[in-house]
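This is what each chain is made of:
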Amino acid sequence: MMRLLYLLNISNPGRLSADSGFTVAELLLPALADRGVEITFAAPARVTDERVFFERTTPPVTKYRTRFGPELDKLVAMVRRARPDVLVVNHTETAPAVRAALLEAGSDAVVAGYCHYLPFSVTDHGVEAVHADAARTSFPNNTFDIVTARMRNRYH
């Protein structure tokens, strides 16, 4: 079983419906759980799907700290608990700090990010079917391709 750690730095904690990162997580995580992915969702608020493990994080006081002020000690501890194969960041600005935390934790997890509002679809054909909707996007190297490629390589 693949393990995914999804780090969500919510910029709008008071209005989740206005937060694009939360909206993407709310749609994507149940689809991945349907495919057998073990998911830890680290965020200030949980998604509605009960199959997704939740680790509450405290939202930073400004949108700049959300993107540029990761708490490395907490991140390293979270990585050690979740033991992810793939770690998704919704703000790509955090990727260097996330990579440093993975190295410190001794993890070889792949770091994946995404573009907000990137459309995707899931079909009944298994993990390989989670992909960007080519009719609506021109981003070939997206989170969904990275996650599913990692799943295919490790678990097929």
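Data block above holds the structure.
No experiment lies behind these values; they were computed from the predicted model shown.

Novice: How should the pattern of salt bridges be read in this particular structure?
Specialist: Close approach of charged atoms lets side chains of opposite charge pair. Within this structure, the stated rule accounts for four salt bridges. A salt bridge links Arg 51 to Asp 34; its shortest N-O distance comes to 2.7 Å. Of this pair, Arg 51 sits in the loop between strand 2 (38-43) and strand 3 (53-56) while Asp 34 sits in helix 1 (residues 20-34), and the two are 17 residues apart along the sequence. Note on Asp 34: relative accessible area 48%, which makes it partly exposed. Members of the salt-bridge network, linked through shared partners, are Asp 34, Asp 49 and Arg 51.

Novice: Sorry if this is basic, but what is going on with the pairing of strand 5 (residues 110-113) here?
Specialist: The side chains of a regular strand alternate between the sheet's two faces. Where strand 4 (residues 86-89) and strand 5 come together, four bridges link them in parallel fashion. In the sheet register, Val 86 faces strand 5, and the bridge partner there is Val 110. Crossover connection from strand 4 via helix 4 (residues 95-105) to parallel strand 5: handedness right-handed.

Novice: Is there a simple way to think about helix 3 (residues 72-82) in this case?
Specialist: Since there are 3.6 residues in each turn of an α-helix, residues three or four apart along the chain are aligned in direction. Those residues of helix 3 not exposed but buried are Leu 75, Val 76, Met 78, Val 79 and Ala 82. One side of helix 3 carries all its buried residues, which in axial view fall inside an arc of 160 degrees. For helix 3, exposure combined with an orientation more than 90 degrees from the buried face picks out Asp 73, Lys 74 and Arg 81. At its buried positions, helix 3 is contacted by strand 1 (3-7), strand 2, strand 3, strand 4 and helix 4.

Novice: What's the story with the packing of aromatic side chains in this structure? I'm lost.
Specialist: Centre-to-centre distance and the angle between the planes together describe a pair of aromatic rings. Throughout the structure, instances matching the rule amount to one aromatic pair. For the ring pair Tyr 6 and Phe 41, a centre distance of 5.7 Å and an interplane angle of 45 degrees mean the geometry is tilted. Of this pair, Tyr 6 sits in strand 1 while Phe 41 sits in strand 2; the two residues are 35 residues apart in sequence, bridging distant segments of the chain. Each member of the pair, Tyr 6 together with Phe 41, is buried.

Novice: Teacher, can you tell me more about the environment of Asp 49 here?
Specialist: Turning to its location among the elements, Asp 49 is positioned in the loop between strand 2 and strand 3. C-alpha separation for the pair Asp 49 and Leu 29, spaced 20 residues apart in sequence, amounts to 7.9 Å. Only 2.6 Å separates the side chain of Asp 49 from the side chain of Arg 51, close enough to count as a polar contact.

About the thresholds
Residues numbered from 1 in each chain as written. Predicted model: local features only at pLDDT ≥ 70, side-chain atom pairs only at ≥ 80, totals over all residues. Heavy atoms only, no water. Salt bridge = Lys/Arg side-chain N within 4 Å of Asp/Glu carboxyl O. Helix = DSSP H or I, 4+ residues; strand = E, 2+ residues; numbered from the N terminus. Buried < 20%, exposed > 50% of the residue type's maximum accessible area, 1.4 Å probe, protein only. Pairing = 2+ DSSP bridges. Right-handed = clockwise from strand over helix to strand, strands pointing away. Arc of directions from axis to C-beta. Contact = heavy atoms within 4.5 Å. Phe/Tyr/Trp six-rings, centres within 6.5 Å; stacked < 30°, edge-to-face > 60°. Polar contact = N/O pair within 3.5 Å; in protein donor to acceptor, adjacent residues only side chain to side chain.

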